[in-house]
Amino acid sequence: MDRLKVPRTKELEFGGVFGVALLMVGMPITVFYLLLVCRTEQASVLSVPWPLPSLRSLWSPQDFALVLAWVAFQALLYQLPMGKITEGSLLRDKSRLQYRLNGFYAMLITALMLGAGVVGGLRLSYIYDHILQLAFAASVLAFGLSVLLYFKAVLAPETALAPSGNSGNPVYDFFMGHELNPRLGLFDLKFFCELRPGLLGWAVINMAMLVKETELRGSPSLAMILVNAFQLLYMVDALWHEEAILTTMDIVQDGFGFMLAYGDLAWVPFLYSLQSCFLVTHPQKLSLPLAGGIILLNGLGYSIFRGANSQKNTFRRNPADPRVAGLQTIPTATGRRLLVSGWWGFLRHPNYLGDLIMGFAWSLPCGFTHILPYFYIIYFILLLVHRDARDEHQCLRKYGLAWQEYCRRVPYRIVPYLY
């Protein structure tokens, strides 16, 4: 039985205990600072938006109740008997958890409910007016959830702990996530938060910004429409291909702690929507030729992103599938094979390249006068480079000589001939 226990985490990431402690403070500060800057006339990240709001002005019981109601509504949709049930990756004890895939249906029901609400007089621009209070409420909820997750993990069997969050240091494990797949009965907390309240919340915030701009200027700008359309395509794609998330690092390797809880509930919805928030107070005029070029760029990024991910997911599900059966592979000591042709023979992470191209296209409608709307692409470059380094380390440890051969045959990681 001892062989099934998760070994202690010896290689600490993010600068160890001190680094994760800084991140737990820095992540909320970044969210509120950028939201405050976004609403100023200068929108300069180098100009502190004085006066800073007090904690009392940020706390709103009404907005906290609104955030709770939103999460509860998504949790209810998550449990509806719609969509297929599938199995996750093989766990340490050789078992597999079951997951219900109904995120796309949840999105459709949410859209119908919001549409009916708007027809009935629901004022979506309330979100723009109370964005700081709502972000504060989401932050409080994420921190509270992280505390509950940590104490739940303390009571969990050792076989249920996360390989990356079992250092023995409570601060580090609280941040990284101590338990790999925390569940309440059949309700998987990590899987639910990964794509539901935050991702759909991002879409709702974007729509609220479009409504606010319409209230201010009579109609939404082309720039606002493009940002909404591009990011909505990304969200719809994620929910349509929901099963693919079951093989990602977040689900397979990382526990569910502050890092993912705050990222899912606060960071994603309130910072990924910065472009639409920026356009409310800093309108941009786009010429049709420029808009057409941006659309083509986003289409290129999406084509690479979707093509690479679909190829990988098809190969993982069924290597004999005619769509991937002819691709070259490298055998590994674990019995798995590494793709070394197609998209994955072009780059080690072609999906990351597509992600970055799309992120750049999302920022271009905001013009070139401010760096703030480009926060997403700057942050995503850092995130993906870090994630690539984590993945390289784990793959080398897992596949050994086969991974070294793969790296020799596919030398570029994310950007061809550059990185």
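Conventions we followed
Residues numbered from 1 in each chain as written. Predicted model: local features only at pLDDT ≥ 70, side-chain atom pairs only at ≥ 80, totals over all residues. Heavy atoms only, no water. Patch = residues over 30% accessible without salt bridge, like charges linked within 9 Å, V, L, I, M, F, W, Y side chains within 5 Å. Areas by Shrake-Rupley, 256 points an atom, 1.4 Å probe, with all protein chains shown as cover. Salt bridge = Lys/Arg side-chain N within 4 Å of Asp/Glu carboxyl O. Buried < 20%, exposed > 50% of the residue type's maximum accessible area, 1.4 Å probe, protein only. UniProt positions renumbered as here; feature names shortened; annotations may be inferred. Helix = DSSP H or I, 4+ residues; strand = E, 2+ residues; numbered from the N terminus. 1 Å grid on protein atoms, 1.4 Å probe; cavity = no way out; pocket = protein on both sides within 12 Å on 5 of 7 lines; lining within 4 Å. Points joined across faces, edges and corners; volume = space filled by probe spheres on them. Nonpolar A, V, L, I, M, F, W, Y, C, P; charged D, E, K, R; others polar. Axes fitted to C-alpha atoms, helices over the stretch in contact; angles between N-to-C directions. Parallel < 35°, antiparallel > 145°, perpendicular 65-115°, else oblique. Contact = heavy atoms within 4.5 Å. Core = buried A, V, L, I, M, F, W, Y, C linked by side-chain atoms within 4.5 Å. Phe/Tyr/Trp six-rings, centres within 6.5 Å; stacked < 30°, edge-to-face > 60°.

Trainee: Tell me about a nonpolar patch on the surface, residues and numbers included.
Mentor: Together, Ile 381, Val 385, Leu 418 and Tyr 419 make up a nonpolar patch on the protein surface, roughly 360 Å² of accessible area in all. The class for Val 385 is partly exposed, based on a relative accessible area of 32%.

Trainee: Describe the UniProt feature "transmembrane region" (unreviewed entry) in the protein, with residues and values.
Mentor: As recorded in UniProt, the sites labelled "transmembrane region" (unreviewed entry) are residues 12-36, 103-124, 130-151, 216-236, 256-274, 286-305 and 360-385. As annotated, residues 130-151 has a helix share of 95% and a strand share of 0%, and its two end C-alpha atoms lie 32 Å apart. Counting secondary structure, residues 360-385 comes out at 58% helix and 0% strand; the distance between its end C-alpha atoms is 16 Å.

Trainee: Which residues make up the layout of surface pockets, and what values go with them?
Mentor: Quantified by volume, the second largest pocket comes out at close to 610 Å³. If you go around the second largest pocket, you meet 26 residues; those closest to its centre are Leu 66, Val 67, Trp 70, Ile 127 and Val 204. Within the residue set of the lining of the second largest pocket, elements represented by two or more residues are helix H3 (61-78), helix H4 (103-119), helix H5 (126-129), helix H6 (131-154), helix H9 (197-217) and helix H12 (258-271). Top element by residues in the lining of the second largest pocket is H3. It accounts for 6 residues. Partitioned by chemical class, the residues of the lining of the second largest pocket number 22 nonpolar, 3 polar and 1 charged.

Trainee: Tell me about the packing of H4 against helix H10 (residues 222-240), residues and numbers included.
Mentor: Between H4 and H10, the least distance of the axes is 7 Å, while the angle of their chain directions is 135°. Classified by the angle between their axes, H4 and H10 sit oblique to one another. Between H4 and H10, the residues in contact are Gly 103, Phe 104 and Met 107 and Val 236, Leu 239 and Trp 240, respectively. Considering only residue class, the contact of H4 with H10 consists of 5 nonpolar, 1 polar and no charged.

Trainee: Hey, could you go over the nonpolar core for me, with residue numbers and the actual values?
Mentor: If you look at the biggest cluster of nonpolar residues, it comprises 102 residues, and the most contacted ones within it are Tyr 262 and Phe 270. By residue number, the principal contributor to this core is H6, which donates 12 residues. In contact with Tyr 262, other than residues within four places in its own chain, are Met 27, Pro 28, Val 31, Phe 32, Ser 139, Ala 142 and Trp 267. Residues Trp 403, Tyr 406, Cys 407 and Val 410 belong to the second largest nonpolar core, which totals 16 residues.

Trainee: Quick one: what's the story with the packing of aromatic side chains, residue by residue and with numbers?
Mentor: Within a pair of aromatic rings, the relevant descriptors are the distance that separates the centres and the angle that separates the planes. Under the criterion given, the structure shown has 34 aromatic pairs. Judged by centre distance (6.4 Å) and plane angle (50°), the ring pair of Phe 360 and Tyr 374 falls under tilted. Residue Phe 360 is found in helix H16 (residues 350-363), and its partner Tyr 374 is found in the loop between H16 and helix H17 (375-399); the two are separated by 14 residues along the sequence. The exposure class of Phe 360 is partly exposed, given its relative accessible area of 36%.

Trainee: Let's hear about the packing of H10 against helix H13 (residues 274-281): which residues, and what values?
Mentor: Their axes nearest at 10 Å, the elements H10 and H13 cross at an angle of 170°. Between H10 and H13, the angle falls in the class roughly antiparallel. Of the residues in H13, those in contact with Ala 223, Met 224, Val 227, Asn 228 and Gln 231 of H10 are Gln 275, Ser 276, Leu 279 and Val 280.

Trainee: Lay out the pattern of salt bridges with the relevant residues and their values.
Mentor: Taken as a whole and assessed by the stated rule, the structure comprises 16 salt bridges. For Asp 188, the salt bridge identified is with Arg 183, shortest N-O distance 2.8 Å. When sorted by exposure, Asp 188 lands in the same class as Arg 183, which is buried. Among the ionic pairs, Arg 196 bridges to Glu 242, the shortest N-O distance being 2.9 Å. In this pair, Arg 196 sits in the loop between helix H8 (189-195) and H9 while Glu 242 sits in the loop between H10 and helix H11 (249-252), placing the two residues 46 residues apart along the sequence. No difference in accessibility class separates Arg 196 from Glu 242, as the two residues are buried.

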